[in-house]
Amino acid sequence: MERKLTEGRADMERKLTEGRADMENRGISSRAKKLKDKYLATPPGVCSERAKIVTQAYQDYESLPAILRRAKVLKRVLEEMSIWIANDELIVGNQAKVARYAPIFPEFSFEWILAEMDEEPFELRDADPFFIDEETKSDLRKIGPYWKGKTVNDLIIGRLPEETAAVIANSAVYTFAPSVVNYSGVGHYSPSYKKVITKGFNGIRQDALEKLKVMGIPADGNEVDTYNFLKAVIISCDAAVSFAQRYADLAKQMAVEESDSARKTELLKIASICEKVPANPATTFHEACQAFWFFQLILQLESNGHSISPGRFDQYMYPYYSKDLLTGQLTREDAQELVECLWIKLSEINKIRPIGATRTAGGYPMFQNLIVGGQDRDGKDATNDLSFICLDASQNVGLHQPSISARLWNGTPEVLWNKIVEVTKKGLGMPALYNDEVIIPGLLNRGKSIEDARDYAIVGCVEPGPQGYEYGWSGGNGDAPFFSLPACLEYAINDGKSLKTGMQAGPSTGSLADFKSFEEVKKAYEKQVKYFVDHFAVITNTADLVHQDVAPLPFLSCGMEYCIEKGIDVSAGGAKYNAISTAGVGVSNAGDSLMAIKKMVFDEKVVSGSELLEILKSDWSGQEVLRNRIIAEVPHYGNDEEEVDALAAWAVEVYCKLTEKSVGPRGPYQPGLYPVSANLPMGAVLGASPDGRKAGDALADGISPIHGRDLNGPTAVLNSASKIDHLINSNGTLLNLKFHPSALEGETGETALKAALKGYFSQKGLHVQYNVVDSKRLRDAQKNPDKYKDLVVRVAGYSALFVGLDPDLQEDIITRTEIEEIG
């Protein structure tokens, strides 16, 4: 049998390589269509169940060490929360009492929830409204007093050095709010789904038991901590198994009451599967899908960090798919239906954020990045039939989750390129595309083994890391760690003061009114960046340490290599690779502003430094002629002009080299360049900038040009972006391109898109993604949101439901789309 399976897989792979595989997309299944319609008809809401259970459990387990308390709290949640199985579901498991409802995690932060219920009512938000009834509000108010001063956020604020707390409050460099440094649990990781699916939690539990047996009496040093960690792993494994059994029991009960014979059979099959997985290894594709989902779901219930990313789904699931297909247990249509059902479950996961964070990252995103294609651990092409099923499922379901991505390299088959173009043209802003030829060397440069580097996944927006081996904690501490390069330049030319408020924010480094050369501007910028990078490390290190102390993650540790082998929780450095990752914002604004200062002040002396500084303080008042001249005459990043591109690359390099010198409690720092949509709020708090930007206007997104400044077409944008050092930015770079649908019509449009992409990747670009959308449609969606409930657009590093976005963010997307259409 094994020989037949091997031969069968080889035949499938040959067909794929030759483009002969049966990969026709037959559209969404009728079952998935019903589930999607039900999903869209269910408005998001707030669920207080978890919050009440957790509060009582914390009181009951107050005397326990944090690691055991966290395991027992999760066990209590999984025992007591409401569970349900919806009609037509084949994959079961719910996060809250109603699909799309968001549980509350009071142990991480809570005061903002109580305040916003009254001051910024969830149900009245412009962006991402959440229904909340009076009973839920009452539940949350009752538990509020217990958490005062006990949350992770409270403890981080209390632990921050006074100087750093003042920097957070006074500067516009970070997205951290002084009152909510850390509003949620840790996310931004891609664990080993393969381990859970192939071993099962009973097998993982046995590993922990054997480790305890070998250790014996924990008499030495830190062995008591190791003992408690392993006990917490065992409790977590048992909790997951019991949770699945609850669904098995419910499915059997529903089957007894079910009158439809076909649905009765489905419910009995669901019961059988839930009794088997995730306790034991999966043996079928359906079992593997269900085991995957239980793991993903419980991770979300342990900690509400976002960007818990499925990673290389087409790789770890393929053995089950191919075996079932070759033995006749499954058809390709059956597999497509299961994957579509799973995509809808991923879309049900939800999270409520403070209003400020919602304005930054609206559209109910969870950043669950799932990637297909690329190389395997031996360096061979890994594309398989499941890669296409995943892409088709995203196209068919048409929702914002998972964030589908694709890995490309010199050995990617042309048939996958064609499928990527086909899905891109649908206008979902997906798949995002990643270059193995840059990312793998970048990971090697960070000390990863060649096999692990080849096996990377993408986490959240654009962050690469070896799946199941790295705890990179990029943005996992609630407010993602965004760093404004233009803010540092603003302080560099204004003696460390804000142009908007006049408040001292950074160190005193001189003023543009006094600088005698452009080199002095650059030196002042370097000093400002260093000052803020150093304080940035204080903030994130403090958050990391508090999470280790009071909010460890024993359940996640079950699926992260080598936590059990080391006997160390993932939050304390148990993973094979550890890092803290950050993201620079405003690349093109920094480059264009430096270019404007160099050309207009020092090279051509059109305006003096003191005059330009006063003009910026006045927000260009009465100076439209000069502003327009800067916009028209000064070279801009994104047009393949060497001098300005070099200045943008230099501004990035300063930030990156200083960042990678920082050291965290678990490992080194690694920089990246992406904003999610933090470019809006980061721009809102800045004064006018020398590039012609007015005070409060948004910064450019990612490593994309400023809206409307790229005049030489997409190839020039790609050429400019390729001059950024993508290798040092091992935490990822983000490049957005926008196209009107008509630009990609027919074979000519498709060929041009592929050629541009291949050219960019050959120049060592790391990532690119496309919004293919008509601005008229977006305008109509603003006026008639009920007609466009399933309209998905690319925001920055993620796609989102357009009608749920903050109006300012909607306008930003429309504006950059309209500019592209005019251009």
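Residues numbered from 1 in each chain as written. Predicted model: local features only at pLDDT ≥ 70, side-chain atom pairs only at ≥ 80, totals over all residues. Heavy atoms only, no water.

The chain is annotated in an unreviewed UniProt entry as Formate C-acetyltransferase of Halanaerobium congolense.

Asks: What am I meant to see in the packing of helix 10 (residues 223-257) against helix 12 (residues 285-302) here?
Replies: For any two helices packed against each other, one specifies the crossing angle of their axes together with the interaxial distance. At a minimum axis separation of 11 Å, helix 10 and helix 12 run at an interaxial angle of 115°. If you check the angle between helix 10 and helix 12, you find them roughly perpendicular. Between helix 10 and helix 12 lies a crossing of right-handed hand. The residues of helix 12 that touch helix 10, namely those facing A240, F243, A244 and Y247, are F294, L297, I298 and L301. (Axes fitted to C-alpha atoms, helices over the stretch in contact; angles between N-to-C directions. Helix = DSSP H or I, 4+ residues; strand = E, 2+ residues; numbered from the N terminus. Parallel < 35°, antiparallel > 145°, perpendicular 65-115°, else oblique. Left-handed = near helix turned anticlockwise from the far one by under 90°. Contact = heavy atoms within 4.5 Å.)

Asks: Help me understand the packing of aromatic side chains, please; the structure alone is not making it clear to me.
Replies: Throughout the structure, instances matching the rule amount to 32 aromatic pairs. Seen from their ring centres, F313 and Y316 are 5.9 Å apart, and the 70° between their planes marks the pair as edge-to-face. With F313 and Y316 both in helix 13 (residues 313-316), this residue pair falls 3 residues apart, about one helical turn. Like Y316, F313 is buried. One aromatic cluster is present, built from ring pairs that chain together Y174, F176, F483, Y491, Y531, F532, F536 and Y655. The side chain of K150 reaches across the aromatic face of Y146, ending 4.4 Å from its centre. Its end group placed over the ring of Y469, K576 keeps NZ or CZ at 5.2 Å from the ring centre. (Phe/Tyr/Trp six-rings, centres within 6.5 Å; stacked < 30°, edge-to-face > 60°. Buried < 20%, exposed > 50% of the residue type's maximum accessible area, 1.4 Å probe, protein only. Lys NZ or Arg CZ within 6 Å of the ring centre and 35° of its normal.)

Asks: Would you mind showing me how to read the side chain of T136 here?
Replies: Here T136 lies in helix 6 (residues 134-147). By relative accessible area, T136 is classed as buried at 2%. Discounting residues that sit within four places of it in the chain, T136 has contacts with V46, S48 and K97.

Asks: What is the right way to look at the packing of helix 25 (residues 587-603) against helix 27 (residues 624-633) in this model?
Replies: Relative to each other, helix 25 and helix 27 sit at 115°, their axes nearing to 11 Å. One way to sum up the angle between helix 25 and helix 27 is to call them roughly perpendicular. Note that helix 25 runs across helix 27; the crossing there is right-handed. Contact residues: A596, K599 and M600 in helix 25; L626, R629, I630 and E633 in helix 27. The residue makeup of the contact of helix 25 with helix 27, split by class, is 4 nonpolar, no polar and 3 charged. (Nonpolar A, V, L, I, M, F, W, Y, C, P; charged D, E, K, R; others polar.)

Asks: What exactly am I supposed to notice about the nonpolar core here?
Replies: In a soluble, globular protein the nonpolar side chains are often hidden away together inside. F285, W343 and F483 are the most contacted members of the largest nonpolar core, which totals 264 residues. A total of 16 residues in this core trace back to one element, the largest contributor, which is helix 10. Not counting residues within four places of it along the chain, the set of residues in contact with F483 comprises V173, Y174, C488, V529, F532, V533, F536, A583, G584, V585, Y655 and M682. (Core = buried A, V, L, I, M, F, W, Y, C linked by side-chain atoms within 4.5 Å.)

Asks: Please clarify how the side chain of E89 should be interpreted in this entry.
Replies: Secondary-structure assignment places E89 in the loop between helix 4 (66-80) and strand 2 (101-103). Among the polar contacts listed, one links the side chain of E89 to the side chain of K345, at a separation of 2.7 Å. Those residues in contact with E89 that sit more than four places away from it in its chain are L35, W84, R263, I270, K345 and E348. (Polar contact = N/O pair within 3.5 Å; in protein donor to acceptor, adjacent residues only side chain to side chain.)

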